[in-house]
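The residues making up each chain are set out below.
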Amino acid sequence: MDFNLTKEQKDIQKAAREFAQGEFDLDVALDLEKKGHYPSEIHKRACELGFIGMHIPERYGGQGLGLLENVLVVEEFCCQHSGIGIALSLSDFGSEMLLQFGNDAQKEKYLHSITNGEATSSLAYLEKDQGGNFTSFKSIAKRNDNGYLINGNKLFVFNCTLSGPVIILCQLENKTRLAENGALVIEKHIDGLVSSSMGSRIGMRMIPMSELTFRNLEVSHECFLGSEEQGQTQFMQSLNKTNIEAAAIGTGIAQGGLNLALLYAKQREQFGRKIGSFEAIRDKLADMATKIEVARLLTYKAAWSFDRNILNSTVNCMAKMISSETALEVARDSLHIFGGYGYIVESKIEQFYRDASMVNIIGTPERTDKGLIADQVIGKI
Amino acid sequence: MDFYLSKKQRAIRDMTRKFAREVVAPRAEEIERTGEHPYDIVAQMAELGMMGIPFPKKYGGSAGDWVGLHLCIEELSRADILLGIILDASTSIVAQEIFLFGTEEQKQKWLIPLAQGKELGAYGLTEPEAGSDSAGLSTTAVLKGDEWIINGSKQFITNTNLDNASIVIITAKTQRDLDGKMVISTIVVPKDAPGFKVGQKYEKMGMRAGATHELFFDDCRVPREFLLGDIDKGFAQHLTVLQTGRITVGAIATGIAQACFDEAIAFTRKSFQGNQSLFTSQRVPFNLADIAMEIELSRTMYLKAAWLKDKGEKHTLEAHFAKLFCSETATKITSEVLKILSPYGYLDKYPISRYFRQAKLFEIIEGTSEMQRLVIARELM
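Scoring rules and cut-offs
Residues numbered from 1 in each chain as written. Chains lettered and ligands numbered in written order. Predicted model: local features only at pLDDT ≥ 70, side-chain atom pairs only at ≥ 80, totals over all residues. Helix = DSSP H or I, 4+ residues; strand = E, 2+ residues; numbered from the N terminus. Rg over C-alpha atoms; globule rule 2.2 N^0.38 Å. Buried ≥ 20, exposed ≤ 12 C-beta atoms within 10 Å, placed from the backbone. Contact = placed C-beta atoms within 7 Å. Nonpolar A, V, L, I, M, F, W, Y, C, P; charged D, E, K, R; others polar. Domains from an automatic or database assignment. pLDDT = per-residue confidence, 0-100. Core = buried A, V, L, I, M, F, W, Y, C linked by C-beta atoms within 7 Å. Axes fitted to C-alpha atoms, helices over the stretch in contact; angles between N-to-C directions. Parallel < 35°, antiparallel > 145°, perpendicular 65-115°, else oblique. Pairing = 2+ DSSP bridges. Expected span 1.5 Å × (residues − 1). Bend = angle between axes of the 7 residues up to and from the residue. Arc of directions from axis to C-beta.

Before going further, it helps to spend a moment on the overall build of chain A. Assigned secondary structure in chain A consists of 12 helices and 10 strands. The C-alpha radius of gyration computed for chain A amounts to 21 Å, which stays within 12% of the reference 21 Å derived for 381 residues, consistent with globular compactness. Here chain A holds 381 residues, and the buried ones make up 54% of them. Expressed as a percentage of contacts within chain A between residues at least 6 apart in sequence, the contacts between residues at least 24 apart total 76%.

So, on to the overall build of chain B. For chain B, the count of helices and strands is 10 helices and eight strands. Relative to the compact-globule value of 21 Å for 381 residues, chain B shows a C-alpha radius of gyration of 21 Å, a close match. Projected onto its principal axes, the C-alpha positions of chain B cover 80 × 45 × 40 Å. Considering chain B as a whole, with its 381 residues, one finds that 56% of them fall into the buried category. Within chain B, contacts between residues separated by at least 24 positions form 74% of all contacts whose residues are at least 6 apart in sequence.

On to the interface of chain B and chain A. The interface is formed by 29 residues belonging to chain B together with 27 residues belonging to chain A. Elements supplying a minimum of two residues to the side of chain B that touches chain A: helix H8 (316-340) and helix H9 (351-359) of chain B. Broken down by class, the residue content of the side of chain B that touches chain A amounts to 10 nonpolar, eight polar and 11 charged.

So, about the domain arrangement of chain A. Residues and elements named next belong to chain A. Partitioning chain A into structural domains gives domain 1 (7-115), domain 2 (122-230) and domain 3 (232-378). Each of domain 2 and domain 3 has a C-alpha centre, and these two points are 30 Å apart. Each partner contributes to the interface: domain 2 provides 13 residues, whereas domain 3 provides 13 residues. Element by element, the count of residues in the side of domain 2 that touches domain 3 is highest for strand E5 (residues 178-187), at three residues. When the residues that make up the side of domain 2 that touches domain 3 are grouped by side-chain class, the tally is six nonpolar, six polar and one charged.

This part is about the confidence of the model for chain B. With 99% of its residues at a pLDDT of 70 or more, chain B shows a mean pLDDT of 95. The complex prediction reports pTM at 0.96, with the ipTM value standing at 0.95.

What follows is about the nonpolar core. The biggest cluster of nonpolar side chains holds 233 residues, and the ones touching the most others in it are Leu184(A), Ala331(A), Ile187(B), Val189(B) and Ile256(B). Ranked by the residues each element gives to this core, the list is headed by helix H8 (residues 231-267) of chain A, at 14 residues.

Next up on the list: the domain arrangement of chain B. All names here are of chain B. According to the domain assignment, chain B contains domain 1 (7-120), domain 2 (123-233) and domain 3 (235-380). Between domain 1 and domain 2, the C-alpha centre-to-centre distance is 23 Å. At the interface, 23 residues of domain 1 touch 17 residues of domain 2. Counting residues per element, the side of domain 1 that touches domain 2 draws most heavily on helix H4 (residues 81-101), at 11 residues. A class-by-class count of the residues in the side of domain 1 that touches domain 2 yields 13 nonpolar, five polar and five charged.

Here the focus is the environment of Asp25(A). Along the chain, Asp25(A) falls in the loop between helix H1 (7-23) and helix H2 (26-35). Note: C-alpha distance between Asp25(A) and Ile84(A) (59 residues apart in sequence) is 9.7 Å.

Further remarks concern the packing of helix H3 (residues 66-79) of chain B against helix H7 (residues 283-311) of chain B. All names here are of chain B. Two elements in contact, H3 and H7, have axes separated by 8 Å at closest approach and are oriented at 150°. Here H3 lies roughly antiparallel to H7, going by the angle between them. Across from Trp66, Val67 and His70 in H3, the residues of H7 making contact are Tyr302, Leu303, Ala306, Trp307, Lys309 and Asp310.

Our next topic: unusual backbone geometry. Going from Ser342(B) to Pro343(B), the amide bond is cis rather than trans, its omega being 0°. Counting through the fold element by element, Pro343(B) comes out in the loop between H8 and H9. Of note, Phe156(A) is a non-glycine position whose phi angle comes to about 50°, a positive value. With respect to the helices, strands and loops of the structure, Phe156(A) is situated in strand E3 (residues 147-158). On the basis of neighbour counts, which here come to 22 C-beta atoms within 10 Å, the residue Phe156(A) falls in the buried class. A positive phi is found at Ala63(B), a non-glycine position, where the angle reads about 55°. Position of Ala63(B) relative to the elements: it lies in the loop between helix H2 (39-47) and H3.

Let us look at the environment of Ala89(B). Residues and elements named next belong to chain B. Mapped onto the secondary structure, Ala89 falls in helix H4. The exposure class assigned to Ala89 is buried, which follows from the 28 C-beta atoms found within 10 Å. For the pair Ala89 and Glu366, spaced 277 residues apart in sequence, the C-alpha separation works out to 9.9 Å.

Residue and element names in this part refer to chain B. For strand E1 (residues 120-124), the tally of buried residues reaches five of five residues, placing the bulk of the element in the interior. Neither face of E1 is exposed, since Leu120, Ala122 and Gly124 on one face and Gly121 and Tyr123 on the opposite face are all buried. Here E1 pairs with strand E4 (residues 165-175) via five bridges, running parallel. Looking at E4, one finds that Leu120 is bridged to Ala165.

Residue and element names in this part refer to chain B. When the terminal C-alpha atoms of H4 are compared, their 28 Å separation across 21 residues agrees well with the 30 Å that a helix rising 1.5 Å per residue should span. Remark: the principal bend of H4, roughly 35°, maps to Asp88. Counting buried positions over the 21 residues of H4 gives 20, a clear majority of the element.

The next point concerns helix H3 (residues 40-48) of chain A. Residue and element names in this part refer to chain A. Within H3 the residues assigned to the buried category are Ile42, Ala46 and Cys47. Each buried residue of H3 sits inside an arc of 140° when the element is viewed along its axis, so together they form one side. Facing away from the buried surface of H3 by more than 90 degrees, the exposed residues are Glu41 and Glu48. Looking at the buried side of H3, the elements it contacts are H1, helix H5 (82-89) and helix H7 (104-115). Downstream of H3 by a residue or two, Gly50 has a phi angle that is positive, lying close to 80°.

Here you go:
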């Protein structure tokens, strides 16, 4: 057992923190948030310095490091600013599918552009009335001699208006029967792929969020990702990484929220005392710090296991659940410590609260997470 | 013991419910999005007598009671909390303070138009350095000849800078003639008083149409007779009406909690549609059961406090219980219902997104939860 980060990991953490402190300008962030614009400039610079896709092998432009290193970066980014942090962290959303199951040509084609900042990836999996069940999709890819014909639609697809690949989960249809789920990877900007904005929302406003519609969209055989038999397993496996990243986002936002509250509590005076000296506030801050420590430990454990190929989707789901919950609770309590000031848009903490509420939509929905954990702990009845 | 509403109370509730459903609800999203004050809706409320329910007819009121007013406030807030907030400041607090402590002349001049809803009143207590510690204010009023010369600033003041916002009642430090002691007094400042300036409108996380501004008094002059009540009882007077404001916030929070429930139950009924039973899925239905119970408790608490007020009984504990319980319940319910509606509810096209951003406010205004606990604990010990 060893809870220390390595020297390299600490250096990465420090570098990410310094980058975020230097680059995430508050006025720029407020403006991006208001307009719902993607932080393209900052994303570009983060890629130049190698912060995006740390776990992607060097031959594809990544750093060839582990997911834990990636988690450290995500955490620092989201800690400094929830909005910009989430946007950068999700810029490689779904790329895990490519990395794990793509063929050489697909990896060559797409992964470089994701790590060098020319592209962001998207994963289209959620459909209307999906519930917590990802075993079947209503989007159908029908195989014919030239490739596939896709029909259907997908909701809540991140990054869709930005250039790069989108991975589409759908049900495969052979000549005779519906077969396994499968994944297809295509360029987002191609004719026939209709994308419309899902409109404004509580948080995560800097990330384009779209509904995708496929109407007899023809794609070639080369777009198929992975194996036809393993489509479902591939998808669930790739979500392991997504859930761990979501956990890191939650932990980072929570820490950032606490940091803001700490600064304020040490500076704001009421009744002739710093409010941080009142027991009620101190207890709140202590609870917040405790929750964050728990969330972080589970997040690191999940990432550490992932890097050692210890497949542990239960821990991943637990990490995501506890971290997203912690993010929301801590951001809420932090806003509360700011009182009226926290409710004003310039306060920064109000954005943390809004963004924190949406961490649980990244990766698998909470009901899916709970189901997976329950299956694991209960076993057969 | 009698939990029945009177005929008049029922009539007010039913009339408001109909008005809220038909007139207010269809406009609520637009009001929040544009941030524009709904003059026409407030004018209709005035016509229906909603702005002066607890005051006698001779002062422009409807000769109802505080239970009736709060039923009205809950129903309005269920459609749009903004209207609840407007009533909170103008009716529960400002009009009541004039009713309880004003001279006959002051009642004629200010109470009648407020109770008739022709004008709106604002309540200026909070200052940049005096939030929870509202007695730690620094605004001063010096008597010079027949005029008060006011200097200082107030912040987060709602119902200001509107065409029909006529007065703001402020607390200020004054010097008692008798012994030269510094005391806190209450002074009525009309919107056109020389030296009175309204700052920029605050951009808030929610309730964006709330006319909330910073106020500046720069050698602001008002006639000597605009002092309200006793020169050295200004703070005590404020606390008296603030207690009612706390019941009012309880009713508003109950309204928004009820609105969340309305969304959740409609969504759940639709998604259940007979293909699931409570034996196969309990998570959401049980959650709804808890939410319904908490709302019923919230409602019962604010009604009990209002009922005690109508009876002329002491209700310090009950008013603070209502504010604390209802506001914390509302915030909790918004995030629970968001999860039930996940991921759709995060989109602004679903009202729950608005409720989530708005609800946190109620744990802050009219005294943070900590201040409620402080008063309750002091009362108990």
